[in-house]
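Chain and residue survey
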Amino acid sequence: MISPPPPQLALFDLDHTLLDGDGDDLWCRFLLRHALVPAEAQARNEQLCADYRAGQVSAQAFSAFYARLLAGRSPAQWSPWQDRFLAEEIRPRLPPAAYDLVASHRAAGHTVVLTTASNRVIAERTAVELGFSHCLATELALVDGIFSGEVEGIPNMRAGKLQRMQTWLARQGLPASALASAFFYSDSINDLPLLSEVGQPVAVNPDARLLQHALAHGWRVLDVLGAAQPRC
């Protein structure tokens, strides 16, 4: 018996791809406005944003800072703040074109997957808002039901995003070859490991280095955000 072909995958980054902004930066600023984290967190947040743009921060160090912002509270305690964050900061920064792009792949029968370097607390409600049934994000450790401030497993960033996708495929019972026909939409050179593995990479509102790489390799370049806000 001939096995059916794997489902067509459509993978999406989030920050500066579908979201006009950076979720980690927006979350930190949101927490600061509501006095949920110490004021000195802002300086570190700004430094990490600059280091991320320059490619000078490790995935572990980047993810660990945002994990520590959640330490000492339970998922239930953070839940109402996640709802407010979605309403106040995220929905206003999701353009109609972002909803339409995801919906077009769902309408085509594709399996749509959000894959973001942000941790799940920051990203999970945005995934639901945009209509994703699958979300890969950086995971956070719990101790006795309380966030410990540590990252659990491999951060979903750079090479880790490819590793986590390969693990997800295996858990779904899908072959690694499913990436050969997959779409992946991203704005960032940080996603080059996964972009280089899919059959249909799309540079969306790309940073300068990704734009150069995309043009050199004949990749599709797409504008979803229009007049986007400055990058974190």
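None of these values were measured; they are calculated from a predicted model. (Residues numbered from 1 in each chain as written. Predicted model: local features only at pLDDT ≥ 70, side-chain atom pairs only at ≥ 80, totals over all residues. Heavy atoms only, no water.)

Observations concerning a nonpolar patch on the surface
On the surface, a nonpolar cluster with roughly 250 Å² of combined accessible area is contributed by Leu 211, Leu 215 and Val 221. Structurally, Leu 211 can be placed in helix H9 (residues 208-216). (Patch = residues over 30% accessible without salt bridge, like charges linked within 9 Å, V, L, I, M, F, W, Y side chains within 5 Å. Areas by Shrake-Rupley, 256 points an atom, 1.4 Å probe, with all protein chains shown as cover. Salt bridge = Lys/Arg side-chain N within 4 Å of Asp/Glu carboxyl O. Helix = DSSP H or I, 4+ residues; strand = E, 2+ residues; numbered from the N terminus.)

Observations regarding empty space enclosed by the protein
On inspection of all chains with the given rule, the structure shows one cavity of 30 Å³ or more. By volume, the largest cavity is sized at about 40 Å³. Surrounding the largest cavity, Gln 82, Phe 85, Leu 86, Ile 90, Val 121, Ile 122, Arg 125 and Thr 126 form its lining. Only helix H4 (75-90) and helix H6 (120-130) provide two or more residues apiece to the lining of the largest cavity. Residue composition of the lining of the largest cavity, by class: five nonpolar, two polar and one charged. (1 Å grid on protein atoms, 1.4 Å probe; cavity = no way out; pocket = protein on both sides within 12 Å on 5 of 7 lines; lining within 4 Å. Points joined across faces, edges and corners; volume = space filled by probe spheres on them. Nonpolar A, V, L, I, M, F, W, Y, C, P; charged D, E, K, R; others polar.)

So, the state of the cysteines
Evaluated as defined, the whole model comprises zero disulfides. Here Cys 28 is not cross-linked by a disulfide; its sulfur's nearest cysteine counterpart is in Cys 49, at 8.3 Å. According to the relative accessible area criterion, Cys 28 is buried, its value standing at 0%. (Disulfide = S-S within 2.5 Å. Buried < 20%, exposed > 50% of the residue type's maximum accessible area, 1.4 Å probe, protein only.)

Digging into the pattern of salt bridges
Side-chain pairs of opposite charge can arise whenever the charged atoms involved come near each other. Tallying each qualifying case throughout the model produces 11 salt bridges. Asp 191 serves as the salt-bridge partner of Lys 161, at 3.1 Å between the closest nitrogen and oxygen. Residue Lys 161 is found in helix H7 (residues 159-171), and its partner Asp 191 is found in the loop between strand E5 (183-186) and helix H8 (192-195); the two are separated by 30 residues along the sequence. In this structure, Lys 161 and Asp 191 share a single accessibility class: buried. Counted as one network, the salt bridges with shared partners bring together Asp 13, Lys 161 and Asp 191.

Description of the packing of aromatic side chains
By the definition in use, this model includes 11 aromatic pairs. Centroid distance Phe 62 to Tyr 66: 5.2 Å. Interplanar angle 55°. Geometry classified as tilted. Here Tyr 66 and Phe 62 lie together in helix H3 (residues 59-68), a separation of four residues that amounts to about one turn. When its relative accessible area of 3% is taken as the criterion, Phe 62 is described as buried. With a centroid separation of 4.8 Å and 80° between ring planes, the pair formed by Phe 65 and Tyr 66 is classed as edge-to-face. Each of the two residues, Phe 65 as well as Tyr 66, counts as buried. Through pairs of rings, three or more aromatic residues link up here, namely Trp 27, Phe 30, Trp 78, Trp 81 and Phe 85. (Phe/Tyr/Trp six-rings, centres within 6.5 Å; stacked < 30°, edge-to-face > 60°.)

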